[in-house]
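For reference, the chains in residue letters:
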Amino acid sequence: MTPSDRTLSTADVDDVFEVLADWRRRAVCHYFASGDQTAADVTALASAISEHGETSTVDATDTSPSTIRTQLEEEHLPVLHRIGLIDYDERSGAVKYWGSPTVEKWANHAEAVTQRTDF
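- Looking at an unreviewed UniProt entry, one finds the protein named DUF7344 domain-containing protein and attributed to Haloarcula hispanica N601.

## Regarding the pairing of strand 3 (residues 94-97)
- Alternating residues of strand 3 divide into V95 and Y97, all buried, and A94 and K96, none buried.
- Note that strand 2 (residues 86-89) and strand 3 share 4 bridges and pair antiparallel. Within strand 3, the position partnered with D89 by the bridge is A94.
- Connecting strand 2 to the next strand, strand 3, in antiparallel fashion are 4 residues, including G93 with a positive phi near 80 degrees.

## Some points on a nonpolar patch on the surface
- On the surface, a nonpolar cluster with roughly 250 Å² of combined accessible area is contributed by V13, F17 and W106.
- Overall, F17 belongs to the partly exposed group, its relative accessible area being 43%.

## Quick notes on the sheet that holds strand 3
- Taken together, the 3 strands give an open sheet; going across it, the order is 1-3-2, and neighbouring strands pair in antiparallel fashion. Bordering the open sheet on either side are strand 1 (39-41) and strand 2, each of which pairs with just one other strand. Each strand axis lies, on average, 15 degrees off the axis of its neighbour in the sheet, ignoring direction.
- Summarising the sheet, strand 1 and strand 3 pair through 3 bridges and their orientation is antiparallel. For A39, the partnering residue across the bridge sits in strand 3 and is K96.
- In the packing of helix 3 (residues 23-33) onto the sheet, contacts are made with strand 1 and strand 3, and the angle to strand 3 comes to roughly 70 degrees.

## Overview of helix 3
- By the criterion of burial, helix 3 is predominantly enclosed, with 10 of the 11 residues buried.
- Restricting attention to buried positions, one finds in helix 3 the residues W23, R24, R25, R26, A27, V28, C29, H30, Y31 and F32.
- The N-cap residue of helix 3 is D22: its side-chain oxygen and the backbone nitrogen of R24 are 2.7 Å apart.

## Here we look at the packing of aromatic side chains
- With the rule as written, the count across this model stands at 3 aromatic pairs.
- Both rings, one in Y31 and one in F32, keep their centres 5.1 Å apart while their planes meet at 85 degrees; by these two values the pair is edge-to-face.
- Between F32 and Y97, the aromatic rings sit 5.0 Å apart at their centres with planes inclined by 10 degrees, giving stacked as the arrangement. Of this pair, F32 sits in helix 3 while Y97 sits in strand 3, placing them 65 residues apart in sequence. An identical accessibility class is assigned to F32 and Y97; each is buried.
- Taking the ring centre of W98 as reference, the NZ or CZ of K96 above it sits at 4.9 Å.

Reading the values: the criteria
- Residues numbered from 1 in each chain as written.
- Predicted model: local features only at pLDDT ≥ 70, side-chain atom pairs only at ≥ 80, totals over all residues.
- Heavy atoms only, no water.
- Buried < 20%, exposed > 50% of the residue type's maximum accessible area, 1.4 Å probe, protein only.
- Helix = DSSP H or I, 4+ residues; strand = E, 2+ residues; numbered from the N terminus.
- Pairing = 2+ DSSP bridges.
- Patch = residues over 30% accessible without salt bridge, like charges linked within 9 Å, V, L, I, M, F, W, Y side chains within 5 Å.
- Areas by Shrake-Rupley, 256 points an atom, 1.4 Å probe, with all protein chains shown as cover.
- Salt bridge = Lys/Arg side-chain N within 4 Å of Asp/Glu carboxyl O.
- Axes fitted to C-alpha atoms, helices over the stretch in contact; angles between N-to-C directions.
- Contact = heavy atoms within 4.5 Å.
- Polar contact = N/O pair within 3.5 Å; in protein donor to acceptor, adjacent residues only side chain to side chain.
- Phe/Tyr/Trp six-rings, centres within 6.5 Å; stacked < 30°, edge-to-face > 60°.
- Lys NZ or Arg CZ within 6 Å of the ring centre and 35° of its normal.

So, in structure tokens, the structure goes:
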């Protein structure tokens, strides 16, 4: 644990675990954290996350790109935007990732615990 981790407020900790509570939000974090890009559109994210859902051990009944896109637009991207991890423009579908070392650390831990190697 780093000194900056020790200074997280309760609200910050709640936000981190809210992000990590759903595999699609974790997949968004992994999509950006594992690559060099910091921006994408919802369509590209939905396609990548759809592939992630198909190849991982997530419990999801429909991982089609269109379903994932709807889920991202209606629920997951607004959560990530509210927390400040991304900027999300609903009109254009543009997503800008700001990142968070704490979220990325815990997302990596969640990945290791579930033994997933994708993303």
